[in-house]
Amino acid sequence: MNIKVPLNAVCPYFTMFPLGFPLQVLARATEAHEPVLDPFCGRGTTNLAARLREMPSTGIDTHPVAAAVAQAKLIATKPQAIATCLDEILGSEPECAMPRGPFWQLAFHQATLQDIARVRSALVRDASTPERRALQAVLLGALHGPLTKSSPSYLSNQCPRTYAPKPRYAVTYWQRHGLSAPPADIRTVVKRRAERYYTQVLPVPDGSRVLLADSRDPEVFRQLRDEQFGWIVTSPPYYGMRTYLPDQWLRLWLLGGPETVDYEQRVQVSHGSPEGFIQQLRDVWTNCASVCRPHARLVVRFGGFPQCRQDPMQLLRESLTGTGWRIQTRRDAGPAPAGRRQADHFGVTSTPRSEFDLWAVRST
Ligand SMILES: C[S@@+](CC[C@H](N)C(=O)[O-])C[C@H]1O[C@@H](n2cnc3c(N)ncnc32)[C@H](O)[C@@H]1O
């Protein structure tokens, strides 16, 4: 299913699944407006699919970038409102301290960085309105990416789009290739992107939301116990995928994080050992079962890296044991498209991997 919904591309986030996948799964829903849950929502692909099917959805993710982007998938606003919001911020926000060091000198033109820093300050203080949230997501998507010959589409020097380069590596690369960041007009970049992503009018089903929270925590699910979810469509981190936070360090800075890479992984599912990973997934599946109606469906897209010695199917099966879910079927999802990091302009290529979908039903 190849459905184009511009909003889905507001900000890249790797290991997202294609929109067609949750759309196809949710097409099987027989009850209208059944609530949908994704406990590892990433950039909110399941939430957007549910929105298109007019089903309310809840997404949960511990990653601030994922939660901000997923939230933007549930916003109804207009491009003009986003542009006005940016104008107001730039018209009132005072000059502020900019991050320092060789990376920041080369990553952005200094006038562009000053504008970004002012908007960042304003949005860190208050991102409560739909326009501010949409603006934040648009900026997250525009923050870094490839240089273009025509007017800039991104605000940075040459960068990958999907993940942020590590500072020392990036500085060496830019110096070796004599690359500098052109002045990018933040108003023009945001206006163009807001038009691309927020012109299409989509209804937002009542009760749709995204929680910046840990799906291993039963407390998070206590606030959801009246939901009676009918569908869970999700994709946990693949075993060994440890880089969600450090790879997004620049976007995390835009959300108020530090101006250096933070390697702390505390809030992510642990990859220390297969047993620990299985147990933590088990906690998530148990929490999910506690907020689902009888016979609810759980559909998990999962896979592994070629270099990983663990069998992903085995890991997932074990994680579901004793959690209130009965496995029904497994379907091959085919190899993940090569180049999940295809926007990589630093010459590192990605490795394709096989993926499958596991279907389970809430046992009574
Ligand atoms: C494979 S990605 C999901 C991608 C998503 N399907 C999409 O289309 O964007 C897995 C997500 O799980 C999140 N995650 C890892 N540990 C988590 C936890 N304990 N609770 C909630 N989310 C977690 C990661 O931050 C990451 O965004």
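Residues numbered from 1 in each chain as written. Predicted model: local features only at pLDDT ≥ 70, side-chain atom pairs only at ≥ 80, totals over all residues. Heavy atoms only, no water.

**Notes on helix H4 (residues 79-92)**
For an α-helix the count is 3.6 residues per turn, leaving residues at separations of three or four pointing the same way. Test applied: Think of it this way: any DSSP run of H or I at least four residues long counts as a helix, any run of E at least two long counts as a strand, and we number them from the N terminus. Expected helix span is given by 1.5 Å per residue-to-residue step, counting one fewer step than there are residues. Categorising residues by exposure relies on relative accessible area from a 1.4 Å probe, with only protein chains included: less than 20% of the type maximum marks a residue as buried, more than 50% marks it as exposed, and the intermediate range marks it as partly exposed. In this description, the arc belongs to the directions extending from the helix axis to the C-beta atoms. For this analysis, residues touch if any pair of their heavy atoms sits within 4.5 Å.
Taking 1.5 Å per residue as the helical rise, H4 with its 14 residues ought to reach 20 Å, and the 20 Å between its terminal C-alpha atoms agrees with that figure. Taken together, the buried positions of H4 are Pro79, Ile82, Ala83, Cys85, Leu86, Ile89 and Leu90. All buried residues of H4 lie within an arc of 155° about the axis, which places them on one face of the element. Turned more than 90 degrees from where H4 packs its buried face, Gln80, Glu88, Gly91 and Ser92 sit exposed. Looking at the packing, one finds that the buried side of H4 touches helix H6 (110-125), helix H7 (130-142) and helix H9 (186-198).

**Here's the deal with the site of the ligand**
Operational definition: One heavy atom within 4 Å of a molecule or strand makes the whole residue count as near it. N or O atoms within 3.5 Å of each other form a polar contact, as long as, within protein, one can give a hydrogen and the other can take it, and as long as residues adjacent in sequence are counted only when both atoms are side-chain atoms. Detection works on a 1 Å grid of protein atoms alone, calling trapped sets that fit a 1.4 Å probe cavities and calling open sets with protein on both sides within 12 Å along at least five of seven lines pockets, with lining residues defined by an atom within 4 Å of a point. For this analysis, a molecule is said to be in a pocket or cavity if more than half of its atoms are within 2 Å of the grid points defining it. In the scheme used here, Gly and all other residues not listed as nonpolar or charged are polar, with Ala, Val, Leu, Ile, Met, Phe, Trp, Tyr, Cys and Pro taken as nonpolar and Asp, Glu, Lys and Arg as charged.
Around the ligand sit 24 residues in total, of which Tyr13, Arg43, Thr45, Asp61 and Asp214 are the nearest. Between Phe17 and the ligand, the recorded distance is 3.1 Å, taken from a backbone N or O atom to an oxygen atom. Contact between the ligand and Arg216: a nitrogen atom at 3.4 Å from a side-chain N or O atom of the residue. With respect to the detected pockets, the ligand is housed in the largest cavity. Split by residue class, the shell around the ligand holds twelve nonpolar, eight polar and four charged.

**As for the domain arrangement of the protein**
What counts, and what does not: Domain segmentation is taken from an automatic or database assignment of domains. Once two parts are brought into contact, the accessible area they lose, counted with a 1.4 Å probe and summed over both, makes up the buried area. One speaks of a salt bridge when a side-chain nitrogen belonging to Lys or Arg is within 4 Å of a carboxyl oxygen belonging to Asp or Glu.
One can read the domain layout of the protein as domain 1 (6-71 + 205-362) and domain 2 (79-198). For domain 1 and domain 2, the distance between their C-alpha centres works out to 27 Å. Contacts between the two partners involve 31 residues from domain 1 and, on the opposite side, 37 residues from domain 2. Carbon and sulfur atoms make up 68% of the area that domain 1 and domain 2 hide from each other, which totals about 3300 Å². On the surface where domain 1 and domain 2 come into contact, there are one salt bridge. Asp247 is paired through a salt bridge with Lys166; the nearest N and O atoms lie 3.1 Å apart.

**Quick look at the packing of H4 against H6**
Stated formally: Every axis corresponds to a line fitted to the C-alpha atoms, with the helix fit spanning only the stretch in contact, and the corresponding angles, defined between N-to-C directions, vary from 0 to 180 degrees. With respect to orientation, any angle under 35 degrees is reported as roughly parallel, any angle over 145 as roughly antiparallel, any angle of 65 to 115 as roughly perpendicular, and every other angle as oblique.
Contact geometry for H4 and H6: axes closest at 10 Å, N-to-C directions at 105°. Regarding the angle of H4 to H6, the classification is roughly perpendicular. Between H4 and H6, the contacting residues are Leu86, Ile89 and Leu90 on the first element and Asp115, Arg118, Val119, Ala122 and Leu123 on the second. Taken together, the residues of the contact of H4 with H6 sort by class into six nonpolar, no polar and two charged.

**Comments concerning the nonpolar core**
Selection criterion: Buried residues of nine kinds, namely Ala, Val, Leu, Ile, Met, Phe, Trp, Tyr and Cys, make up a nonpolar core once their side-chain atoms join them within 4.5 Å.
Counting 68 residues, the largest nonpolar core has Phe103, Phe108, Val119, Leu135, Leu139, Leu155 and Tyr198 as the members making the most contacts within it. Take this core: its biggest share by element is seven residues, from H7. When we break this core down by domain, the ones giving at least three residues each are domain 1 (6-71 + 205-362) and domain 2 (79-198). Once residues within four sequence positions are removed from consideration, Phe108 is found in contact with Leu113, Ile116, Leu143, Leu155, Ser156, Ala181 and Leu250.

**A short note on the packing of aromatic side chains**
Applicable threshold: Two rings belonging to Phe, Tyr or Trp (six-membered ring only in the last case) form a pair when the distance between their centres is within 6.5 Å. Interplanar angles under 30 degrees mark stacking, angles over 60 mark edge-to-face geometry, and anything in between is tilted.
Per the counting criterion, the structure on display carries twelve aromatic pairs. Between Tyr238 and Phe302 the ring centres are 5.4 Å apart and the planes differ by 85°, which places this aromatic pair in the edge-to-face class. A residue pair is termed long-range when its members are at least 10 positions apart, and Tyr238 in the loop between strand S4 (229-234) and helix H11 (249-254) and Phe302 in strand S5 (residues 292-303) qualify at 64 residues. You can call Tyr238 buried: its relative accessible area is 5%. We classify Phe302 as buried; its relative accessible area is 0%.

**Regarding the pattern of salt bridges**
For the structure shown, the criterion picks out ten salt bridges. In this structure, Arg301 engages Asp357 in a salt bridge whose closest nitrogen and oxygen atoms are separated by 2.7 Å. Pair noted here: Arg301 is in strand S5 and Asp357 is in strand S7 (residues 354-362), with a separation of 56 residues, a long-range link. For the pair shown, Arg301 and Asp357 are each scored as buried.

**Quick notes on the environment of Ser156**
Within the secondary structure, Ser156 sits in the loop between H7 and helix H8 (167-176). For Ser156, a relative accessible area of 3% translates into the label buried. Each C-alpha atom of the pair Ser156 and Ala181 lies 5.9 Å from the other, and the pair is 25 residues apart in sequence. Here Ser156 is in contact with Ala107, Phe108, Leu143, His144, Gly145, Leu147, Ala181 and Pro182, once residues within four sequence places are set aside. Separated by 3.2 Å, the side chain of Ser156 and the backbone nitrogen of Gly145 make a polar contact.

**Quick word on the side chain of Arg118**
Relative to the assigned elements, Arg118 resides in helix H6. Within polar-contact distance, the side chain of Arg118 engages the backbone oxygen of Leu90 at 2.4 Å.

**Concerning the packing of H4 against H9**
Heads up, the condition is: Whether a crossing is left-handed or right-handed is set by the direction in which the near helix is turned from the far one by less than a right angle, anticlockwise for left-handed and clockwise for right-handed.
At a minimum axis distance of 8 Å, the contact between H4 and H9 shows a crossing angle of 155°. Viewed along their axes, H4 and H9 adopt a mutual orientation that is roughly antiparallel. Our pair here, H4 against H9, has a crossing hand that is right-handed. Here Pro79, Ile82, Leu86, Asp87 and Leu90 of H4 lie close against H9, whose contacting residues are Ile186, Arg187, Val190, Ala194, Glu195 and Tyr198.

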